[in-house]
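Residue-level structural notes
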Amino acid sequence: MTLRHQLEERERRTLSPFAALAAESRGRCHPEPEHDYRTAYQRDRDRILHSKAFRRLKHKTQVFLAPEGDHYRTRLTHTLEVAQIARTVARALFLNEDLTEAIALGHDLGHTPFGHAGESVLNEVLDGGYFHYEQSLRVVDKLECRRQGMGLNLTHEVRDGILNHSRGKAILQGKRVTSACTCEGEVLSICDAIAYVNHDIDDAIRAGLISLEDLPREAIHVLGQTTSERINTMVVGLVEGSRDGVIDMVPEIREATHELRSYLYANLYPCHAIDKEIQKAKKLLRELYQHLIEHPTPESAGGDPADSLQRRTVDFIAGMTDHYALQLYQDIFFPAAWQE
Ligand code: MG
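What you see is a predicted model, and the numbers here were worked out from it, not measured in a lab.

1. A word on a positive patch on the surface
Side chains of Lys 52, Arg 55, Arg 56 and Lys 58 sit close together on the surface and give a patch of like positive charge. Mapped onto the secondary structure, Arg 56 falls in helix H3 (residues 52-56).

Here it is, written out as structure tokens:
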């Protein structure tokens, strides 16, 4: 019996009957031998962590574009905060922590530079539209290459969790939506929302865009005065509101969380200071896309020749960090400064 067999046996003995067991995974698109001492979900998590797409998250915008301040969240710190919150919940519910962490680390790999500004530009130009959760799956399935044409070759459950992670809003509205095929995937959807609602408030207060007094009073009364109090209340509400394989929050906490999220969408994200930067980022990316379609480079057109030039160019832009996009724009459209 290998160590992996023992770990799988421990999962069977100790996890909830609603947990996804590594030994019962539906497997990978391209079958490969199991590892002697890591379960399938541990391997998936490790593959994502070691990918180039994961490292690029550190220079991608969360909400504040190419921030100068060291304390603003990036996609990477957002991803790590989601992973922390989701693992806490998974452990408390006796779900599979390795699967939860793998989904968390991979869920935002498809985010463009400049956050949702980038997503909306690529959505304008790509036939069929651009959705970051579909792109996250495309990154792990195709764009990030371990071996020729196999992508990271992740398990079905991790791929499903990545594709279906954007259901947080519907769940906070109390809707029962068709979501991920595992409880771990459903936990991730809500924990993604718990993370961004809290850290976006924290960053917005840091930036001087809002103050605590601006937030809906009733929601703050229920959830708490500080970031850590609010995260804790939401996590407790999620753990206590979930039972028998149904992932949900205690209604009062769910409603307060939804109210806070709605406040951000109505007041913070469209505010002038953020929107002004978003408009600049959109202009930059539209012009970059147009230029690269008319003047493809080996990098911009370097994807799978079976894909259209449009698709390859979108993949190239989607993979850029904020810094890379800014530098490329400067190289293309600004005159070089010649030195003596
Ligand atoms: Mg996210």
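2. Regarding the pattern of salt bridges
Using the criterion set out here, one finds 28 salt bridges in the structure. The closest approach of N and O atoms between Arg 45 and Asp 98, which form a salt bridge, is 3.6 Å. One end of the pair, Arg 45, is in helix H2 (residues 40-49); the other, Asp 98, is in helix H5 (residues 97-106), and 53 residues separate them in sequence. Neither Arg 45 nor Asp 98 differs from the other in exposure class; each is buried. Note that Lys 142 and Asp 307 form a salt bridge whose closest N and O atoms lie 3.2 Å from each other.

3. Comments concerning the packing of aromatic side chains
One pass over the full model with this rule turns up 5 aromatic pairs. Feature note: the residues Tyr 329, Phe 333 and Phe 334 constitute an aromatic cluster, connected by ring pairs.

4. Thoughts on H2
Within H2, 9 of the 10 residues are buried, which leaves it mostly tucked inside the rest of the structure. Those residues of H2 that are buried lie in contact with helix H1 (3-14), H3, H5 and helix H8 (156-163).

5. What about the environment of Asp 46?
With respect to the helices and strands, Asp 46 occurs in helix H2. C-alpha separation for the pair Asp 46 and Ala 102, spaced 56 residues apart in sequence, amounts to 7.8 Å.

6. Quick word on unusual backbone geometry
Within the chain, Phe 114 stands out as a residue other than glycine whose phi angle is a positive 60°. Looking at the secondary structure, you find Phe 114 in the loop between H5 and helix H6 (115-125). For Asn 153, which is not glycine, the phi torsion reads 50° and is therefore positive. By the secondary structure assignment, Asn 153 is in the loop between helix H7 (132-143) and H8.

7. Here we look at the packing of helix H4 (residues 75-92) against helix H12 (residues 227-241)
Between H4 and H12, whose axes approach to 10 Å, the crossing angle comes to 35°. Crossing handedness for the pair H4 and H12: right-handed. Listed contacts from H12 to Ile 85, Thr 88, Val 89 and Ala 92 of H4 are Ile 231, Val 235, Leu 238 and Val 239. Of the residues in the contact of H4 with H12, the class split is 7 nonpolar, 1 polar and no charged.

Cut-off values and rules
Residues numbered from 1 in each chain as written. Predicted model: local features only at pLDDT ≥ 70, side-chain atom pairs only at ≥ 80, totals over all residues. Heavy atoms only, no water. Patch = residues over 30% accessible without salt bridge, like charges linked within 9 Å, V, L, I, M, F, W, Y side chains within 5 Å. Areas by Shrake-Rupley, 256 points an atom, 1.4 Å probe, with all protein chains shown as cover. Salt bridge = Lys/Arg side-chain N within 4 Å of Asp/Glu carboxyl O. Lys, Arg positive; Asp, Glu negative; His and termini not counted. Charge placed at Lys NZ, Arg CZ, Asp CG, Glu CD. Helix = DSSP H or I, 4+ residues; strand = E, 2+ residues; numbered from the N terminus. Buried < 20%, exposed > 50% of the residue type's maximum accessible area, 1.4 Å probe, protein only. Phe/Tyr/Trp six-rings, centres within 6.5 Å; stacked < 30°, edge-to-face > 60°. Contact = heavy atoms within 4.5 Å. Axes fitted to C-alpha atoms, helices over the stretch in contact; angles between N-to-C directions. Left-handed = near helix turned anticlockwise from the far one by under 90°. Nonpolar A, V, L, I, M, F, W, Y, C, P; charged D, E, K, R; others polar.

Keep in mind that these numbers describe shape and distance, not what the molecule does.
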